[in-house]
Amino acid sequence: MEKKNVFGYFLASITIFFWGITFVCTKSLLNDFSALEILFYRFIAAYFGLWIMRPKWIKIDRQDNILFALAGLSGVVLYQFSENIAINFTNASNVSVIVSICPLFTALVAQYFLKENHLNLWFLLGFIISIFGVALVCFNGDATLEFNPAGDFLALFAGICWGFYSMFVSLINRKHYDSICSTRRIFFFAVIFMIPLILIGARISPDTTSNAAKSMIVSFDKVVNAARFSKPMNWINILFLGLVASGFCFSAWNKACNIVGTVKVSCGIYLIPVVTIIFAFFALGEQITWMGGIGAIITIIGLFISEKK
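Counting from 1, residues in each chain are numbered in the order their sequence is written. Side-chain atom pairs in this predicted model are given and counted only at pLDDT of 80 or more, local residue features only at pLDDT of at least 70, and totals for whole chains, interfaces and linings cover all residues. Just so you know, side-chain values use all the structure's heavy atoms and leave hydrogens and water out.

Draft legend 1. Region of interest: the overall build of the protein chain. Within the protein chain, the secondary structure is distributed over 14 helices and zero strands. Secondary structure elements are defined from DSSP: runs of H or I of at least 4 residues count as helices, runs of E of at least 2 residues count as strands, and each element is numbered from the N terminus. Each helix and strand of the protein chain, placed in order from N terminus to C terminus, yields the pattern α-α-α-α-α-α-α-α-α-α-α-α-α-α. Against the globule reference of 19 Å for 309 residues, the protein chain gives a C-alpha radius of gyration of 19 Å, in line with a compact fold. Summarising its shape, the C-alpha atoms of the protein chain cover approximately 60 × 50 × 35 Å along the three principal directions. Radius of gyration: over C-alpha atoms. The globule rule applied is 2.2 Å multiplied by the number of residues raised to the 0.38 power.

So, in structure tokens, the structure goes:
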């Protein structure tokens, strides 16, 4: 059991590392693609990538399709898209801090709907300390905290969606389905739910001045697509986001949740901003200020405290 738990934490750690890198890849892709296009291409690649990883069907009880559909809707479509849209209304630091509250929503949903008791003193103390550390990491000496209702509430909504996604994953894990096949089915429903958004995005004019509308633009123009898909770096970023950060990482995360426990694993989300600033330092040359460095240490301390029984 101890070796199994170590493997679960290893899967969660690898996932957190790759998810921390995704912000850099997405930032690069936003120069040529809208947020909705990135989301759609990312999970299309993930879906077919998981077929290559595990080319087999699994027998699923018909009523369980509701769980897979709800997981795809909450954890992929609503969470990812709300987070991307939120950045158009508020600064990225606000979004990063607010979304980092996900572990609290995960614990609340698990306690209320699954009757799992996670909200003890240590969890709440670690949560407060980690969020303070995450705030220092995200601001990193540059950004300022500004209240922007539309963007901040969208980010908060994204965090709530992740809490419900975690609950649906817990219920799916109780069915003992193969983690790769079950993740692939979640992505299938997510892509289906994205199709109406794609149709709406295709009708938005490229000349729109609304930031929210720009994030939903979907272009089928041959010249535009030929130009942006001819760039090797765009392919590398899309395939990384799809095959690694989505296909592999969501499967690994779901497996880690099954081994260690959804709420305990979700606390690792605190570390995503820490990974991001470290990776950006080495890959992009972005400086880490004393504020960011202290915030990273405080975040890790809070994580260990929240894991204390």
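After presenting the structure, the write-up continues.
Draft legend 2. Highlighting the environment of Ala 110. The residue Ala 110 is located in helix α5 (residues 102-113) in this model. Along the primary structure Ala 110 and Ile 14 are separated by 96 residues, whereas in three dimensions their C-alpha atoms are 24 Å apart. The contact criterion used throughout is that any non-hydrogen atoms of two residues lie within 4.5 Å. Apart from residues lying up to four places away in sequence, Ala 110 is in contact with Lys 115, Glu 116, His 118 and Val 263.

Draft legend 3. Structural detail: the packing of helix α3 (residues 65-86) against helix α8 (residues 179-202). It is the contact of α3 with α8, at a shortest axis distance of 7 Å, that shows an interaxial angle of 60°. Considered as vectors, α3 and α8 are oriented oblique to each other. Between α3 and α8 lies a crossing of right-handed hand. Contacts between α3 and α8 pair Asn 65, Phe 68, Ala 69, Ala 71, Gly 72, Leu 73, Val 76, Val 77 and Phe 81 from the former with Ser 182, Arg 185, Ile 186, Phe 187, Phe 189, Ala 190, Phe 193, Met 194 and Leu 197 from the latter. Under this grouping Gly is polar, as are all residues other than the nonpolar Ala, Val, Leu, Ile, Met, Phe, Trp, Tyr, Cys and Pro and the charged Asp, Glu, Lys and Arg. Classifying every residue of the contact of α3 with α8 gives 14 nonpolar, three polar and one charged. An axis is simply a line fitted to the C-alpha atoms; with a helix, the fit covers only the stretch in contact. Between two such axes, the angle follows the N-to-C directions and lies from 0 to 180 degrees. For this classification, under 35 degrees means roughly parallel, over 145 means roughly antiparallel, 65 to 115 means roughly perpendicular, and everything else is oblique. Each crossing is labelled by how the near helix is turned from the far one, with a counterclockwise turn of less than a right angle marking it left-handed and a clockwise turn marking it right-handed.

Draft legend 4. Representation of the pattern of salt bridges within the structure. Salt bridge, as applied in this entry: a Lys or Arg side-chain nitrogen positioned within 4 Å of an Asp or Glu carboxyl oxygen. Scanning all chains against the criterion turns up four salt bridges. Put simply, Arg 228 and Glu 37 hold a salt bridge, and the shortest N to O gap is 2.8 Å. Note that Arg 228 is positioned in helix α10 (residues 222-229) and Glu 37 in helix α2 (residues 35-53), a separation of 191 residues in sequence.

Draft legend 5. Region of the structure containing the packing of aromatic side chains. Aromatic contacts are taken between Phe, Tyr and Trp rings whose centres are within 6.5 Å, Trp giving its six-membered ring; a plane angle under 30 degrees counts as stacked, one over 60 as edge-to-face, and the others as tilted. Here the structure, examined in full by the defined rule, presents 26 aromatic pairs. Considering the side-chain rings of Trp 19 and Trp 162, the 5.9 Å spacing of their centres and the 85° angle between planes classify their relative orientation as edge-to-face. Residue Trp 19 is found in helix α1 (residues 2-29), and its partner Trp 162 is found in helix α7 (residues 149-173); the two are separated by 143 residues along the sequence. Buried means the residue's accessible area, taken with a 1.4 Å probe over protein chains only, is under 20% of the maximum for its type, while exposed means over 50%, and partly exposed covers the values in between. For Trp 162, a relative accessible area of 3% gives the class buried. Through a chain of ring-to-ring contacts, three or more aromatic side chains come together here, namely Trp 19, Phe 43, Tyr 79, Trp 162, Tyr 165, Phe 187, Phe 250 and Trp 253. We count a charge as sitting over a ring when the NZ of a lysine or the CZ of an arginine lies within 6 Å of the ring centre and within 35 degrees of the ring normal. It is Lys 115 that lies over the ring of Tyr 112; its NZ or CZ is 5.7 Å from the centre.

Draft legend 6. Main features of the nonpolar core. Throughout this description, the term nonpolar core refers to a set of buried Ala, Val, Leu, Ile, Met, Phe, Trp, Tyr and Cys residues connected via side-chain atoms within 4.5 Å. With 71 residues, the main nonpolar core has Phe 43, Trp 162, Phe 187 and Trp 253 as its most contacted residues. Top contributing element to this core by residue count: helix α11 (residues 232-260), with 12 residues. The residues touching Trp 162, leaving out its near neighbours within four places in the chain, are Trp 19, Gly 75, Tyr 79, Cys 102, Thr 106, Phe 250, Trp 253, Ser 266 and Ile 269.

Draft legend 7. Representation of the packing of α5 against helix α6 (residues 121-139). Between α5 and α6, whose axes approach to 10 Å, the crossing angle comes to 155°. In terms of axis orientation, α5 runs roughly antiparallel to α6. In the packing of α5 onto α6, the handedness of the crossing is left-handed. Residue-level inspection shows Pro 103, Leu 104 and Ala 107 of α5 in contact with α6, the latter providing Phe 123, Leu 124 and Phe 127. Here the contact of α5 with α6 is built from residues that sort into six nonpolar, no polar and no charged.

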